[in-house]
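Examining the three-dimensional arrangement
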Amino acid sequence: VTLAALAAVTVAGAAEDEKVVFTIGLINDVDSLNPLVGVEVPDYEVWNLQYATLTDKAADDFATIPGLAESWEGSGQTYTYTLREGLKWSDGQPLTAEDIAYTINRARDEEWLNHSSTVVNLDAKVIDERTVEITSKVPDPKLPTMDVYIVPKHVWERYDAKAIVKYDALDGVGSGPFTLAELKRGQFWRLQANPNYWGGQPAIDEVVFRLFNNGDAMVAALKQGEIDAAHGVPAQAFKDLESTEGIVTVGGEQGGF
């Protein structure tokens, strides 16, 4: 069982020129920020913020909801998705159906670790800049959900199959609400708000993941207000935090196999 604690904080009205920074403590370092090869929980924390997906899942019942795609239609083994208008990557380049098809088809062909289970039977075809058709070779109960990380073709196509798995993916180009700005291994990694995010400018300017050598030091920083949230909190400390004013605790089991 993995226990986590979250500090409930109120951000006071800051001056317009002050950054709103949300700092998260953790004791697990990143493995790789390349979504093809990373396997550690912190890696997914970054990818979930940086790489948007074609569709998302509703928090309450996991129903398929819009993501990069604003709508879709189809049934059986073929679905057609319509992208939101005016999508851009964080570097200002257009995000089109070409990026979707590129990600799905290349991930299938090269058996990308974190994509393969979803795309193994899929074929994506560009209809126009905002429309992509996805067909499965077999009945697929997951469709129309398409929640693999979409990567920018104009960046990733520079690397062949051998080079792509060695790519550090620290360029910070993404389509989610935040993108990587800085990584200092063994210390922290910092994400900044994506000005081109389709959902609008986030209320938080930066998200900082701060690495601690042990859980006790992380809990002490949480209590002192040095960090705003923490996860992977030791069990005994978690019980103590339950009665600490100003801190909300959330316990749950870490999925695994």
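Look up a bit, the structure's there.
Right, let's walk through the structure included here.

Moving on, we get to the overall build of the protein chain. Of the regular secondary structure elements, the protein chain holds 7 helices and 13 strands. Taking the principal axes of its C-alpha atoms as reference, the protein chain extends roughly 55 × 45 × 35 Å. Taken over 257 residues, the protein chain has a buried fraction of 42%. Taking as baseline every contact in the protein chain between residues at least 6 positions apart, the subset at least 24 positions apart corresponds to 59%. When the accessible surface of the protein chain is split by element, carbon and sulfur atoms take 49% of a total near 13,200 Å². Seen as two clouds, the 20 positive and the 40 negative side-chain charges of the protein chain have centres 5 Å apart.

This next bit is on helix α6 (residues 215-223). Of the positions making up α6, those classed as buried are Gly215, Met218, Val219, Ala221 and Leu222. Each buried residue of α6 lies within a common arc of 160 degrees when the element is viewed along its axis, so the set occupies one face. Where α6 begins, one side-chain oxygen reaches toward the backbone nitrogen of Asp216, 3.1 Å away; that side chain belongs to Asn214. Just downstream of α6, Gly225 is the residue with a positive phi angle, here 80 degrees.

So, about the sheet that holds strand β6 (residues 78-83). Taken in spatial order, the 4 strands make up an open sheet running β5-β6-β8-β7, and their pairing is antiparallel. Of all strands in the sheet, those with a lone pairing partner are β5 (69-75) and β7 (122-128), marking the two edges. With direction set aside, neighbouring strand axes in the sheet form an average angle of 20 degrees. Judged from the 6 bridges that link them, β7 and strand β8 (residues 131-136) form a sheet pairing that is antiparallel. Looking across to β8, one finds that Val126 is bridged to Val132. In the packing of helix α2 (residues 97-110) onto the sheet, the strands contacted are β6, β7 and β8, and the crossing angle to β7 comes to about 160 degrees.

Most of the time, phi is negative for any residue but glycine, and the peptide bond is trans. Geometrically, the link from Leu143 to Pro144 is a cis peptide bond, its omega value of 15 degrees lying close to zero. With respect to the element layout, Pro144 can be found in the loop between β8 and α4 (153-156). With phi around 55 degrees, Glu111 is a residue other than glycine that occupies positive phi space. Phi at Ala169 is positive, roughly 55 degrees, even though this residue is not glycine. Examined against the element boundaries, Ala169 turns out to sit in the loop between α5 (161-164) and β9 (178-184).

Rules used in this analysis
- Residues numbered from 1 in each chain as written.
- Predicted model: local features only at pLDDT ≥ 70, side-chain atom pairs only at ≥ 80, totals over all residues.
- Heavy atoms only, no water.
- Helix = DSSP H or I, 4+ residues; strand = E, 2+ residues; numbered from the N terminus.
- Buried < 20%, exposed > 50% of the residue type's maximum accessible area, 1.4 Å probe, protein only.
- Contact = heavy atoms within 4.5 Å.
- Areas by Shrake-Rupley, 256 points an atom, 1.4 Å probe, with all protein chains shown as cover.
- Lys, Arg positive; Asp, Glu negative; His and termini not counted.
- Charge placed at Lys NZ, Arg CZ, Asp CG, Glu CD.
- Arc of directions from axis to C-beta.
- Polar contact = N/O pair within 3.5 Å; in protein donor to acceptor, adjacent residues only side chain to side chain.
- Pairing = 2+ DSSP bridges.
- Axes fitted to C-alpha atoms, helices over the stretch in contact; angles between N-to-C directions.

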